[in-house]
Structures are given as C-alpha cells and as structure tokens.
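A structural walkthrough
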Amino acid sequence: MSDTVALVTGATRGIGRQVAADLAARGFTVVVSGRDAAAALATAAELSDRGEVRALGLGLDVADVRAVAAVPAAVRDVTGRLDVLVNNAAAFVDWTEVASAADLDVAREVMDTNLFGAWRMVQALLPMLRESPHPRVVNVSSGGGSHGDEQFGLTRRGGAAASYGISKAALNALTATLAAELPGTGVLVNAVCPGLTATWPGAEQMGARPVEEGAASVVAAVVLPDGGPSGAFLRDGHPIPW
Ligand SMILES: NC(=O)c1ccc[n+]([C@@H]2O[C@H](COP(=O)([O-])OP(=O)(O)OC[C@H]3O[C@@H](n4cnc5c(N)ncnc54)[C@H](OP(=O)(O)O)[C@@H]3O)[C@@H](O)[C@H]2O)c1
C-alpha cells in the first residue's frame, strides 16, 4: 500500500484524524484535509513524524465550491495520484433541533457539508480515482440516517437532531445511487457508520466506544479487496440495515 494515496476530509480531529493516522500507519500516503489549514498541516506533520510515512496537509472546507474545485490539481501536484476518498467531514446542530422548527438556513448548511460536500468531492475527484487500480470512496454516514438503527435511527429519537439525520439518509442515498452508476469500473463506493464513538465530552457516559474503534470501522471499508461490496451500508465491515 506504500504508493496508495488517501484523502480524508475533516481529518484534524475526531474519527477523521484517527482514520488518517491509521491509514498512515498502514503505509498510505495521506492527504489530511481540514477547514483550518494550519491544523491540517500540523496534523500531517505529526503523522509524518511518527514513521516512514508521508502525510500532507490541505486546507479544505467541503462546503466551499471553489476550494473543492481546486483539490484535484493540488493533490495531483503533490502526490500525482489518488486512490481513496474518505468523506468524513460532517456538521451537526444539536439534540434539540426538530424538523418542524428547524432553522432552514442552518439545515441547508448541514446539507451543504454532509451531503453536497461529499457529493462535490466525488464529482471533483472521480476522474483521478478512475485512474487508480483500486479506487475506493467511503462516505462516513450514521445509523442516525437509517431506518434500521434501533437506538438512533430516523424514527427512534423523537425527531431530534433532524437535519443531521436527514443529511445522513441523503448521504446513504447518494452512496447507493453512485454505486449503481459505477459497476464494472473497480470503484467501490460504500457508506460506513462508525458507531457511537467518543469524540465529544460526555460521549463515553452515553456508551460511546473509543475513537480507535469507530475509525477502524471506516478503515475496514478503505481496505476492501477488489470485487468487494459496493453500494453497501457497513459497520465494522458488516452490512447494516439502511
Ligand atoms: N462520533 C459519533 O458517535 C459518530 C456516530 C455516527 C457517525 N459519525 C460520523 O463520523 C464522522 C466523524 O465524526 P466525529 O465524531 O469525528 O465528528 P467531529 O469530532 O465533530 O469532527 C467533525 C470534523 O468535520 C469537520 N468539518 C465540519 N464541517 C466541515 C466542512 N464544511 N469542511 C471540512 N471539514 C468540516 C470538522 O472540522 P472543524 O474542526 O473545522 O470543525 C471536524 O474535523 C462524521 O461524518 C459523523 O457524522 C460519528
């Protein structure tokens, strides 16, 4: 995997940062992107210092159309190629937000990151990914955007965190639709739920698992073998209900 290049969005903290670290540890060259360019550079430098790996920092707000349009040239300049796109960046409002009262300007911002951010990243980078012998797109989604999650599913939380759940349901739909467009191309496109993961204060008290475990769920979809599942919704490498 030493000449394999992965770009991770929202990689300066939380699950995205751990995914970047795990991929670097596996020998990937990792483009660590984040809204805060200085933090992305610092994270990349830290990962590079850990071993014989290459990690590169890139300032990137996935809701910024121009910034995303500039990504392919920036990646090609530095690494010459891209094999893996991990759409990890996400926005969340709060647990009091319900659909009937949601501020639609805020909801639109959530969609612009969680759905359109991932979508525009795919549109920008698919031409480069198609050049890869083992292209992978991993959309980091959530059971909160499904009907199958017994605890956090769309109909299981009394309408709470409405725009987040709706955006992840739409991201799941994007995943399935893209995969249906790309059979036979070698591009595997999957949605992954990392599971409830301790990335905010108090999460552990809610039963969240360590960030290493949530990130491992994402990495499992990155390292799928050729001919592996595409258009699936996965947690820890196993299909979960949409
Ligand atoms: N933690 C969980 O329990 C859990 C459960 C299910 C699914 N997930 C999913 O897993 C992924 C990572 O979650 P997390 O808990 O690590 O989240 P987090 O700690 O809130 O981190 C989110 C990351 O996304 C970045 N981001 C937000 N808007 C962005 C934008 N417009 N452009 C680029 N980056 C942006 C943030 O950057 P800033 O630092 O600049 O804000 C941050 O780095 C998300 O997709 C989330 O929905 C998490």
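Before reading further, recall that the structure is shown in the block above.
As a starting point, this report considers the structure included with it.

Conventions we followed
Here the residue index of a chain counts from 1 through its sequence in written order. Side-chain atom pairs in this predicted model are given and counted only at pLDDT of 80 or more, local residue features only at pLDDT of at least 70, and totals for whole chains, interfaces and linings cover all residues. A run of H or I in DSSP becomes a helix once it reaches four residues, and a run of E becomes a strand once it reaches two; helices and strands are each numbered from the N terminus. What the globule rule says is 2.2 Å times the number of residues to the power 0.38, and the radius of gyration is computed from C-alpha atoms. The contact criterion used here is simple: two residues whose C-beta atoms, placed from the backbone, lie within 7 Å are in contact. Each residue receives a C-beta atom placed from its backbone. It is near a molecule or strand if this atom lies within 6 Å of it. Three classes are used: nonpolar for Ala, Val, Leu, Ile, Met, Phe, Trp, Tyr, Cys and Pro, charged for Asp, Glu, Lys and Arg, and polar for all others, with Gly counted as polar. A pair of strands counts as paired when DSSP detects no fewer than two bridges linking them. Here, a nonpolar core means buried Ala, Val, Leu, Ile, Met, Phe, Trp, Tyr and Cys residues linked by C-beta atoms lying within 7 Å of one another. Exposure classes come from backbone-placed C-beta atoms, where a residue is buried if 20 or more other C-beta atoms lie within 10 Å of its own, exposed if 12 or fewer do, and partly exposed in between. In this analysis, the expected span of each helix is defined as 1.5 Å times one less than the number of residues it contains. The reported bend at a residue is simply the angle between two axes, fitted to the 7 residues ending at it and to the 7 residues beginning with it.

1. Let's talk about the overall build of the chain
Each helix and strand in the chain was counted, giving eight helices and eight strands. For the chain, whose C-alpha radius of gyration is 17 Å, the value lies close to the compact-globule estimate of 18 Å for 242 residues. Principal axes of the C-alpha set define a box for the chain whose edges measure 45 × 40 × 35 Å. For the chain, the proportion of contacts with a sequence separation of at least 24, taken over those separated by at least 6, is 68%.

2. Some points on the site of the ligand
Contacts to the ligand come from 28 residues, most closely from Gly10, Gly14, Ala89, Ala90 and Thr199. Counting residues per element, the shell around the ligand draws most heavily on helix 1 (residues 14-25), which supplies three residues. Of the residues belonging to the shell around the ligand, the class tally is twelve nonpolar, twelve polar and four charged.

3. Some remarks on the sheet that holds strand 3 (residues 55-59)
Neighbouring strands of a sheet are bound in pairs by backbone hydrogen bonds; such pairs are parallel or else antiparallel. Spatial strand order, 3-2-1-4-5-6-7-8: eight strands in an open sheet with mixed pairing. Two strands close off the open sheet at either side, each with one partner strand: strand 3 and strand 8 (238-239).

4. Some words on unusual backbone geometry
Its identity as a non-glycine residue notwithstanding, Ala161 has a phi of 50°, on the positive side. With respect to the helices and strands, the residue Ala161 is situated in the loop between strand 5 (136-140) and helix 7 (162-181). Positive phi, normally seen in glycine, also occurs at Asp236, with a value near 55°. Looking at the element boundaries, Asp236 is found in the loop between strand 7 (233-235) and strand 8.

5. Overview of the nonpolar core
In this structure, Ala6, Ala20, Val30, Val32, Val86 and Val218 are the most contacted members of the largest nonpolar core, which totals 72 residues. Among residues more than four places away in sequence, those in contact with Ala20 are Val8, Ala11, Val30, Val32, Thr43, Leu47 and Ala55.

6. Looking at helix 6 (residues 116-130)
Taking 1.5 Å per residue as the helical rise, helix 6 with its 15 residues ought to reach 21 Å, and the 21 Å between its terminal C-alpha atoms agrees with that figure. Approximately 45° is the largest bend angle found in helix 6, and it occurs at Ala124, with the proline Pro127 only one to four residues beyond. Where burial is concerned, most of helix 6 is hidden: eleven out of the 15 residues are buried. Those residues of helix 6 lying buried are Phe116, Gly117, Ala118, Trp119, Arg120, Met121, Ala124, Leu125, Leu126, Met128 and Leu129.

7. Details of the environment of Val219
The topology assignment puts Val219 in helix 8 (residues 211-222). Here Val219 falls in the buried class, since 22 other C-beta atoms lie within 10 Å of it. As a C-alpha pair, Val219 and Arg81 span 138 residues in sequence and 19 Å in three-dimensional space. Look past the residues within four positions of Val219 in its chain and what remains in contact with it is Val19, Asp22 and Leu23.

8. Some remarks on the pairing of strand 3
Of all five residues that make up strand 3, four are buried, and the element is covered over most of its length. Alignment of strand 2 (residues 29-34) against strand 3, held across five bridges, turns out to be parallel. The residue bridging Val32 from the neighbouring strand is Gly57, located in strand 3.

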